[in-house]
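Next come the chains, spelled out residue by residue.
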Amino acid sequence: MSQFDTCPSRRGTGSYKWDQHDDDVLPMWVADMDFQSPEPVIRALRERVEHGVFGYTMAPPDLKAILVERMARLYQWQISEEEIVFVPGVVLGFNLAIQALLQPGEGVLIQPPVYGPFLYTAAHAGGETHEAPLQIGSDGQYFADPAAFRAAIQANTRAFLLCNPHNPSGRAFRRDELQAMADACLERDLHIVSDEIHCDLVFRGHRHIPIASLSPEIAARTVTVMAPSKTFNIAGLGASFMIVQDEALRKRIQQAGRGIVAHIDLLAYTAMRAAYAEGQPWLDELLVYLEENRDITTRFVNEELPGCSLALNDATYLAWIDCRSAGIGSGDDPQKFFLEQAKVTLNPGSFFGSGGEGFVRFNFGCPRSQLEEALQRMKTALAVNSLR
Ligand SMILES: Cc1ncc(COP(=O)(O)O)c(C=O)c1O
């Protein structure tokens, strides 16, 4: 029995994932997990709340040092404390970076299908979106073709917005793939804004490589955004940070947020510090559990859901299921089908832009009994549909 086999009910807790549906629906969509956070995080929050005074705050004094040590230990990436900027959310962080980098009419390169907010980041800054779609290999895995990536860079493309590990494909890009992207950005003088929120959720046989860690030249043009929110399941607290190694770029970004971007709050700081300082044993166990969930999901989808297919994730608890041959329609029909016929909520492919049609995203960050129930419901709905 694992600590992750059971978790408290989230219904009626203001959960975005659970509280928008009837009780007979299993929510397997929004990217948070159903597990309780590590015990040291809960303890630190409880102690802080019991103090009872919640005035203006600042980062815990050792938090930056913890992050500097973490980057060196996990990624052999040498950063210094002044390069860290705390922000109350990763979407906010990459939008802020793009706002600081882009002039109206300039372009931002993205790799769809990709996490929905990437699709609108350029427009928020008065710019345009340029696309270098990921491609699907014969093994079903997505990859970034270097020639197609270069060809997608236009004369007015100013920045590349990377998602690594990539949501929804579940890829943790290899060093050679990242190097090819980075080389193209260097050649064409693009800045890189890299959303690495899923960096800790990488399975055996793969590793996370921050693109900024490739070389000092690349670091000088990169903004990296990370957070403990996915890793330790504290997404509702809005604890995140950017690493901006170039001083002028950092100042520009800080200036763009002045008076607009809120400080991160004291419970977010409390949870972030406890998670990074004391959460590793919990994370080690979580990764074992998630990897089994990944294997169960992949096997089940490929063997038991006729017409559906799924490649093995390198990273993340998000499975990107191809339903195009399942006979349940195109576009977002598969999402509607599983909601109406299986009572399982998934993210529709269109949320991830072009290339998402006919796909759904399935979140396996939950207890195994819930995972198995959701998969069985999907299997039954497809079987009933095939008899029609
Ligand atoms: C790639 C990616 N970036 C950012 C976020 C959201 O980050 P935040 O809630 O900190 O804005 C998510 C959540 O699913 C995500 O998958």
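The model shown is predicted, which means the values in this text are computed figures rather than measured ones.

1. A word on the sheet that holds strand β11 (residues 318–322)
Move 1: Strand order in the open sheet formed by 3 strands is β11-β14-β13, with antiparallel pairing between adjacent strands. Because the sheet does not close on itself, it has two edges, and the strands there are β11 and β13 (347–348).
Move 2: In this sheet, strand β14 (residues 359–363) lies alongside β13 in antiparallel orientation, the contact comprising 2 bridges. Bridge assignment links N347 to a residue of β14, and that residue is R361.

2. Considering the site of the ligand
Move 1: As a matter of local geometry, the ligand sits amid A31, G89, V90, V91, Y115, C163, N167, D195, I197, H198, K230 and S240.
Move 2: At 3.0 Å, a backbone N or O of V91 approaches an oxygen atom of the ligand.
Move 3: Of the residues that constitute the shell around the ligand, the class distribution is 6 nonpolar, 4 polar and 2 charged.

3. Considering the packing of helix α10 (residues 280–304) against helix α12 (residues 368–387)
Move 1: One way to put it is that α10 packs onto α12 with a least axis distance of 11 Å and a crossing angle of 10°. Classified by the angle between their axes, α10 and α12 sit roughly parallel to one another. Where α10 approaches α12, its residues Y289, E292, N293, I296, T297, F300, V301 and E304 are matched on the opposing element by R368, L371, E372, L375, Q376 and K379.
Move 2: Across the contact of α10 with α12, the residue classes break down as 6 nonpolar, 3 polar and 5 charged.

4. Section: the layout of surface pockets
Taking a probe equal in size to a water molecule and rolling it over the atoms shows the remaining empty space.
Move 1: Computed from the structure, the largest pocket encloses a volume of approximately 980 Å³.
Move 2: Taken together, 42 residues line the largest pocket, and the ones lying closest to its centre are D32, N233, I234, A235 and G236.
Move 3: At the level of secondary structure, the elements contributing two or more residues to the lining of the largest pocket comprise α1 (39–51) and α3 (90–101).
Move 4: Ranked by residue count, the leading element in the lining of the largest pocket is α1, at 3 residues.
Move 5: Of the residues assigned to the lining of the largest pocket, the class counts are 20 nonpolar, 15 polar and 7 charged.

Criteria and thresholds
Residues numbered from 1 in each chain as written. Predicted model: local features only at pLDDT ≥ 70, side-chain atom pairs only at ≥ 80, totals over all residues. Heavy atoms only, no water. Pairing = 2+ DSSP bridges. Helix = DSSP H or I, 4+ residues; strand = E, 2+ residues; numbered from the N terminus. Near = heavy atom within 4 Å. Polar contact = N/O pair within 3.5 Å; in protein donor to acceptor, adjacent residues only side chain to side chain. Nonpolar A, V, L, I, M, F, W, Y, C, P; charged D, E, K, R; others polar. Axes fitted to C-alpha atoms, helices over the stretch in contact; angles between N-to-C directions. Parallel < 35°, antiparallel > 145°, perpendicular 65-115°, else oblique. Contact = heavy atoms within 4.5 Å. 1 Å grid on protein atoms, 1.4 Å probe; cavity = no way out; pocket = protein on both sides within 12 Å on 5 of 7 lines; lining within 4 Å. Points joined across faces, edges and corners; volume = space filled by probe spheres on them.

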